[in-house]
Amino acid sequence: MMNNLCCGPGYASPYEATKAPREKILYTIAIYTGTGIQKPDYLATIDVDPESPNFSKIIHRLEMPRIGDELHHMGWNACSSCYNDPNMKRSFLIIPGVRSNNIYIIDTATNPFSPSIYKIIESSEIKLKTNLSGPHTVHCLESKIIISFLGDAKGNAPGGYLLLNKEFDILGRWENSMGEISFSYDFWYQPRYNVMISSEWAAPNTFMPGFDLEEVGHLKYGRRLHIWDFKKREPIQTMYLGEDGLIPLEVKFSHNPNSSHGFCGAALSTNVIHFWRSEEGNWEWEKIIDIDNEPHPDWPIPIPGVMSAILISMDDKYLYLNNWLHGDMRQYDISNPHKPKLTGQIWMGGLLGRAPVVNGVKIAGGPQMFQLSLDGKRLYVTTSLFSTWDNQFYPKMKKLGGAMIMIDCDTINGGMQINENFIVNFGKEPNGPSRCHETRYPGGDCTSDIWL
Amino acid sequence: MAVKKIIIANRNNISFKVLGKKPLLEELYSQGLDIPFGCKYGGCITCAAKLLKGKVDQSSQVALNNRQIKNGYVLLCVAQAITDCIFEVGVESHDKLYRNPFLDKLEPHELKADIVNKNIDEI
Ligand code: FES
């Protein structure tokens, strides 16, 4: 859509991607699951064109046909890994329901302003053919699509990977072996190093009902990263992160396909783990960011930040992270990945009470999911994590719903500032307060594209 | 097999008749009760309801911890009625289902059954 000069979808390089036209609309997941409102989750289309009279408004809502999916993360059918294939187009969003296990294929090309359901991959078919449940991360991989699943059909760890073709037929399991892996969650691959890395949340039966701190001590939550031989489709090395890496969630490689550097946010330890391949060819790791727990008058122990997401700008210069319970978003310059420099910080919501109201809207929750524009200048941030966890930590979200804010990012000197002209209040939705989660742009975004 | 009467206290005491052979969610949903559900295998607590009176068999559930069970929560997608029952359903019944895990810790016996049983085995 954005780039049809040469070949397939996406961009020739990360640098080319940063030159793409500015995003005009966003697709954001909004959920009613767990809120008490008996309505299906939906995909909201948000107008972000500053020239449009509807700027900062939801202009379309695509309801799923069922109630209770808990839409969570999503991905594109094609990305820059298909750049050399003129037959491929970035025209479908793949949205799994993490609770229901249904996978919705959404046509965003026919009319980008009012996407429609193209196909549903039924939970029963997935369970029957692959014995998987609890879908999470979706990555395009040239002619195929891989989706990580956190559990088997009964919700027990470690789950595995579903392989789809580009017609969205189930081809089976992607991996040849899960090796000794205990848990699954996020993954990213870097083809020039023949490597994939995967992280660990917990079994669906453990995290779906909510978070019990004691279960971390009983090893029901992850603390490892796994290096895979990407071609052989099997794990070859485990990095035991221990107390520094409790609940390692989002994991990203640099966008530069020649770089072996990558990062992971350990949610409960609230640390950033940096990993890379050494000159000797071994995979190494170190902790590069450690967010201190913060005291709170009503809490017996200081509050951990809970870093549920990280994101790397398309030029690999900045790393963004959230502290969902504290309420801040941070920007770090990672030009030297061993020594990140804090360059920006803003507050929105959170339990520390630093910014209970943003642009006139009461925020229940804290910064949680975020998506960065390809040029790195606009960061869109939402507030809901996962319905049961929201209900535990931010019970007011039931009444107030979620919100999306936009942060202007200084890509030259560093720095972040909340844009005062933009806020989407999901608390005022026609069917009642909903909660917003992950965001994607039609032209590709900073968490979708991989270069071969 | 005797028919059981199921009353939903927070839906104007509407009552249903079930055979107790299938999970309550399936029986009640097919008779028109609109309640949230997700996984349908007792793993996600979306369908949790509060049992005010009566007895159920929910032995195949794997998601509730012992505190939640003690507070009367039942996962309707796997629970079968053993006697007549009175329930509160939906998110309105979830006041004691969620707690802040840092402010209010679980005692060892209040954890999920698989952990408690494993600990007992180890002792
Ligand atoms: S629907 Fe998931 S526990 Fe009942």
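Residues numbered from 1 in each chain as written. Chains lettered and ligands numbered in written order. Predicted model: local features only at pLDDT ≥ 70, side-chain atom pairs only at ≥ 80, totals over all residues. Heavy atoms only, no water.

Asker: For this particular structure, what's the right way to read the interface of chain A and chain B?
Answerer: Often, the extent of an interface is quoted as the loss of accessible area upon association of its parts. Between chain A and chain B, the contact holds 38 residues from the first and 28 residues from the second. The contact between chain A and chain B buries some 2,800 Å² in all, and 57% of this surface belongs to carbon and sulfur atoms. Taken together, chain A and chain B are joined by three salt bridges. The salt bridge involving Arg99(B) is made with Asp212(A); its shortest N-O contact spans 2.8 Å. On inspection of chain A and its partner chain B, the count reaches twelve residue pairs in polar contact (both at pLDDT 80 or more). Elements with a minimum of two residues in the side of chain A that touches chain B: helix H3 (204–207), helix H4 (214–217) and helix H5 (387–393) of chain A. The greatest single-element share of the side of chain A that touches chain B, amounting to four residues, is contributed by H5(A). When the residues that make up the side of chain A that touches chain B are grouped by side-chain class, the tally is 14 nonpolar, 15 polar and nine charged. (Contact = heavy atoms within 4.5 Å. Buried area = accessible area lost by both parts, 1.4 Å probe. Salt bridge = Lys/Arg side-chain N within 4 Å of Asp/Glu carboxyl O. Polar contact = N/O pair within 3.5 Å; in protein donor to acceptor, adjacent residues only side chain to side chain. Helix = DSSP H or I, 4+ residues; strand = E, 2+ residues; numbered from the N terminus. Nonpolar A, V, L, I, M, F, W, Y, C, P; charged D, E, K, R; others polar.)

Asker: Would you mind showing me how to read the sheet that holds strand S8 (residues 132–141) of chain A here?
Answerer: Hydrogen bonds between backbone groups are what pair the strands of a sheet, and the pairing can be parallel or antiparallel. Residues and elements named next belong to chain A. In space, the four strands of this open sheet follow the order S8-S9-S10-S11, with antiparallel pairing throughout. Looking at which strands have only one partner, the edges of the open sheet turn out to be S8 and strand S11 (170–173). Geometrically, the sheet is characterised by an average inter-axis angle of 25° between neighbouring strands, direction not taken into account. Where S8 lies against strand S9 (residues 144–152), seven bridges are found, and the strand directions are antiparallel. Bridge pairing in S9 links Leu132 to Asp152. Running over the sheet, helix H2 (residues 123–130) touches S8, S9, strand S10 (160–165) and S11 and is turned about 45° from S11. (Pairing = 2+ DSSP bridges. Axes fitted to C-alpha atoms, helices over the stretch in contact; angles between N-to-C directions.)

Asker: Hey, could you run me through the pattern of salt bridges in this one?
Answerer: Charged atoms that come close allow side chains of opposite charge to pair. All names here are of chain A. One pass over the structure, following the stated rule, counts 25 salt bridges over all chains. We note a salt bridge from Asp244 to Lys287, for which the minimum N-O separation is 3.3 Å. Residue Asp244 is located in the loop between strand S15 (234–240) and strand S16 (248–253), and its partner Lys287 is located in strand S19 (residues 283–290); the two are separated by 43 residues in the primary sequence. The class of Lys287 is partly exposed, set by a relative accessible area of 34%. Here Asp375 and Arg378 are joined by a salt bridge, their closest N and O atoms 3.3 Å apart. Using a relative accessible area of 26% as the deciding quantity, one classes Asp375 as partly exposed. By relative accessible area, Arg378 is classed as buried at 6%. One continuous salt-bridge network, built from bridges that share partners, spans Glu23, Asp375 and Arg378. (Buried < 20%, exposed > 50% of the residue type's maximum accessible area, 1.4 Å probe, protein only.)

Asker: Help me understand the nonpolar core in this model?
Answerer: One broad rule of soluble globular proteins: the nonpolar side chains tend to lie buried together. With 34 residues, the main nonpolar core has Trp201(A), Phe207(A), Phe211(A), Tyr221(A), Ile247(A) and Leu325(A) as its most contacted residues. Those residues in contact with Ile247(A) that lie beyond four places of it in its chain are Glu200(A), Trp201(A), Phe211(A), Val216(A), Tyr221(A), Gly222(A), Gly265(A), Ala266(A), Ala267(A) and Leu268(A). Counting residues in each nonpolar core, the second largest holds 31 residues, with Ile35(B), Cys47(B), Leu51(B) and Leu97(B) among its members. (Core = buried A, V, L, I, M, F, W, Y, C linked by side-chain atoms within 4.5 Å.)

Asker: Any chance you could explain the packing of aromatic side chains here in plain terms?
Answerer: For any pair of aromatic rings, the description rests on two quantities: the centre-to-centre distance and the angle between the ring planes. For the coordinates displayed, the defined rule picks out 32 aromatic pairs over all chains. On the numbers, 5.3 Å between centres and 75° between planes, the contact of Phe92(A) with Phe168(A) is edge-to-face. Separated by 76 residues along the polypeptide, Phe92(A) in strand S5 (residues 92–96) and Phe168(A) in the loop between S10 and S11 bring together distant segments of the chain. Classification of Phe92(A) by relative accessible area gives buried; the value is 15%. Considering the side-chain rings of Tyr161(A) and Trp174(A), the 5.6 Å spacing of their centres and the 70° angle between planes classify their relative orientation as edge-to-face. Of this pair, Tyr161(A) sits in strand S10 while Trp174(A) sits in the loop between S11 and strand S12 (187–190); the two residues are 13 residues apart in sequence, bridging distant segments of the chain. The exposure classification of Tyr161(A) matches that of Trp174(A), with both residues buried. Taken together, the aromatic side chains of Tyr185(A), Trp201(A), Phe207(A), Phe211(A), Tyr221(A), Trp299(A), Trp324(A), Phe386(A), Trp389(A), Phe393(A), Tyr394(A) and Phe102(B) make up a single cluster linked through ring pairs. (Phe/Tyr/Trp six-rings, centres within 6.5 Å; stacked < 30°, edge-to-face > 60°.)

Asker: Looking at this model, I keep getting lost on H2(A). Mind explaining?
Answerer: Since there are 3.6 residues in each turn of an α-helix, residues three or four apart along the chain are aligned in direction. Residues and elements named next belong to chain A. Among all positions of H2, only Ser123, Ile126 and Thr130 are buried. Buried residues along H2 cover an arc of 75° about the axis, so they all sit on one side. Across H2 from its buried face, at more than 90 degrees, point the exposed residues Ser124, Leu128 and Lys129. Structurally, H2 contributes buried residues whose contacts are with strand S6 (103–107), strand S7 (116–121), S8, S9, S10 and S11. (Arc of directions from axis to C-beta.)

Asker: How should I be thinking about the confidence of the model for chain B in this particular structure?
Answerer: The predicted coordinates of low-pLDDT regions are not to be read in fine detail. Residue and element names in this part refer to chain B. Here chain B averages 92 in pLDDT, while 95% of its residues score no lower than 70. Considering each helix and strand of chain B separately, the mean pLDDT is smallest for helix H3 (residues 113–122), with a value of 78, and largest for strand S7 (residues 85–88), with 98. On the interface metric, ipTM, the complex scores 0.87, and its pTM is 0.94. (pLDDT = per-residue confidence, 0-100.)

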